[in-house]
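# Structural description and commentary
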Amino acid sequence: MDKVIDIEERIPSMREKRRRKTNKKFLFIIAIFCIALLVLLYFQSPLSKVGEVKIHGAALHDDQFYYEKSGVLKGTSFWGFTTKEVEEELLKLDGVSSVAVTRKWIRDIDITISEWKTVAYMESGGEYGLLLENGEVFPEDGNYPNVPILNHVDNPDLRKRLTKQLLKMDKNVLQLISEIIYTGTEENPDTIVAYMDDGYEVHAILQTFAEKMEYYPDIISQLGDMEKGIVNMEVGIFFTPFSEVYGKDSVEEGEGDEVGEENE
């Protein structure tokens, strides 16, 4: 015989299940409402605005320049931009090789700038610019790195080749070079002359400039207290005192001028 279930006995449990289901829906709606309210309050509060913007690595431009160009200004929406958009915008600036933009803590921004290395000064028509490692010439704006001055290197291809040589060179040797002048002719198109801070003059070929300049400190140490002169690195390495090249009188006159300048 089949068991008879009294429906009245099941009514209380059905009501309890219905009540729990209703309560869950109600709590879900309340939670959604609270989250929406908190989000709304957050975006209306100072916490959703950009606080401090820190710039790292600036040299060619100052921090304020990069800050303004980024478009990420203090008080603007912290979520109103993507880091990729800011990076792409800053990469358009002269002298910038790479950019990293990150959000820090609750509302701060870090912008790390990597700039192309300054290789030399460029002189053209009495005006100076900074030659960067990517071959660009950046307007000189009061930044004075310890790099040589280049003269008569207006040809872009020549400038690119010389830049490669300077980048290969040991930093300590590069810092000894005061000025480099291109002296190439039709017969000898790759000759250069480097004037050194210690008073010597180096004659070299562009293709082997960095390689042979590695020996410069050893060469000078072997000369000791000898008269200063020309270190010729074009074919082999030879040294000739200035008096044999320019004449003794010219050398003595030049030394006298230096003494007179010091006395002044």
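Here, every reference points to the structure presented above.
Residues numbered from 1 in each chain as written. Predicted model: local features only at pLDDT ≥ 70, side-chain atom pairs only at ≥ 80, totals over all residues. Heavy atoms only, no water.

## Side note on helix α7 (residues 216-223)
Let me state the cut-off plainly: Only protein chains enter the calculation, and the probe is 1.4 Å; a residue is then buried if its accessible area is under 20% of its type maximum, exposed if over 50%, and partly exposed in between. Here a helix means four or more residues in a row that DSSP labels H or I, a strand means two or more in a row labelled E, and each is numbered from the N terminus. Of all possible arcs, the one meant is that of the directions from the helix axis to the C-beta atoms. We call two residues in contact whenever any of their non-hydrogen atoms come within 4.5 Å of each other.
Considered for burial, the residues of α7 that qualify are Tyr216, Ile219, Ile220 and Leu223. One side of α7 holds all its buried residues, which, seen down the axis, span an arc of 95 degrees. Across α7 from its buried face, at more than 90 degrees, point the exposed residues Ser221 and Gln222. Those residues of α7 hidden inside the fold are in contact with β9 (191-196), β10 (201-205), α6 (209-213), β11 (229-232) and β12 (238-241). Looking one or two residues past α7, glycine 224 carries a phi angle of roughly 60 degrees, positive in sign.

## Section: the packing of aromatic side chains
The line we're drawing: Note on aromatic contacts: the rings of Phe and Tyr and the six-membered ring of Trp form a pair at centre separations within 6.5 Å, being stacked when their planes are under 30 degrees apart, edge-to-face when over 60 apart, and tilted otherwise.
Counting across every chain of the model gives four aromatic pairs. Seen in terms of ring centroids, phenylalanine 78 and tryptophan 79 are 4.9 Å apart; in terms of plane orientation they differ by 90 degrees. Their pairing is edge-to-face. For phenylalanine 78, a relative accessible area of 1% puts it in the buried group. Accessibility expressed as a relative area gives 45% for tryptophan 79, which makes it partly exposed.

## Looking at the pattern of salt bridges
Under the convention used in this document: Should a side-chain nitrogen of Lys or Arg be within 4 Å of a carboxyl oxygen of Asp or Glu, the pair is scored as a salt bridge.
Tallied over the full model, the rule gives two salt bridges. Between lysine 92 and glutamate 89 there is a salt bridge whose closest N-O contact spans 3.4 Å. Across the pair aspartate 190 and arginine 161 runs a salt bridge, and its minimum N-O distance is 3.0 Å. In this pair, aspartate 190 is assigned in the loop between β8 (177-182) and β9 and arginine 161 in helix α4 (residues 156-168), connecting sequence segments 29 residues apart.

## A word on the nonpolar core
Worth spelling out the cut-off: Here, the term nonpolar core denotes a set of buried Ala, Val, Leu, Ile, Met, Phe, Trp, Tyr and Cys residues that are joined through side-chain atoms within 4.5 Å.
Grouped together as the largest cluster of nonpolar side chains are 30 residues, with contacts concentrated most on Leu166, Phe209 and Met213. For this core, the secondary structure elements donating two or more residues are β4 (118-124), α4, α5 (171-174), β8, β9, β10, α6 and α7. In terms of residue count, α7 provides more of this core than any other element does, four residues in total. Residue contacts for phenylalanine 209: discarding those within four places in its chain leaves Leu162, Gln165, Leu166, Met169, Ile177, Ile180, Ile192, Ala194 and Ala204. Residues Tyr66, Val86, Val101 and Ile113 belong to the second largest nonpolar core, which totals 16 residues.

## Focus on the sheet that holds strand β3 (residues 108-115)
Rule in force here: For two strands to be treated as a pair, DSSP must find no fewer than two bridges joining them. Every axis corresponds to a line fitted to the C-alpha atoms, with the helix fit spanning only the stretch in contact, and the corresponding angles, defined between N-to-C directions, vary from 0 to 180 degrees.
In space, the three strands of this open sheet follow the order β1-β3-β2, with mixed pairing throughout. The open sheet has two edge strands, β1 (53-56) and β2 (96-104), and neither has a second partner. Geometrically, the sheet is characterised by an average inter-axis angle of 15 degrees between neighbouring strands, direction not taken into account. When β1 meets β3, the two strands line up parallel, connected through four bridges.

Bear in mind that shape data such as this cannot, by itself, settle questions of function.
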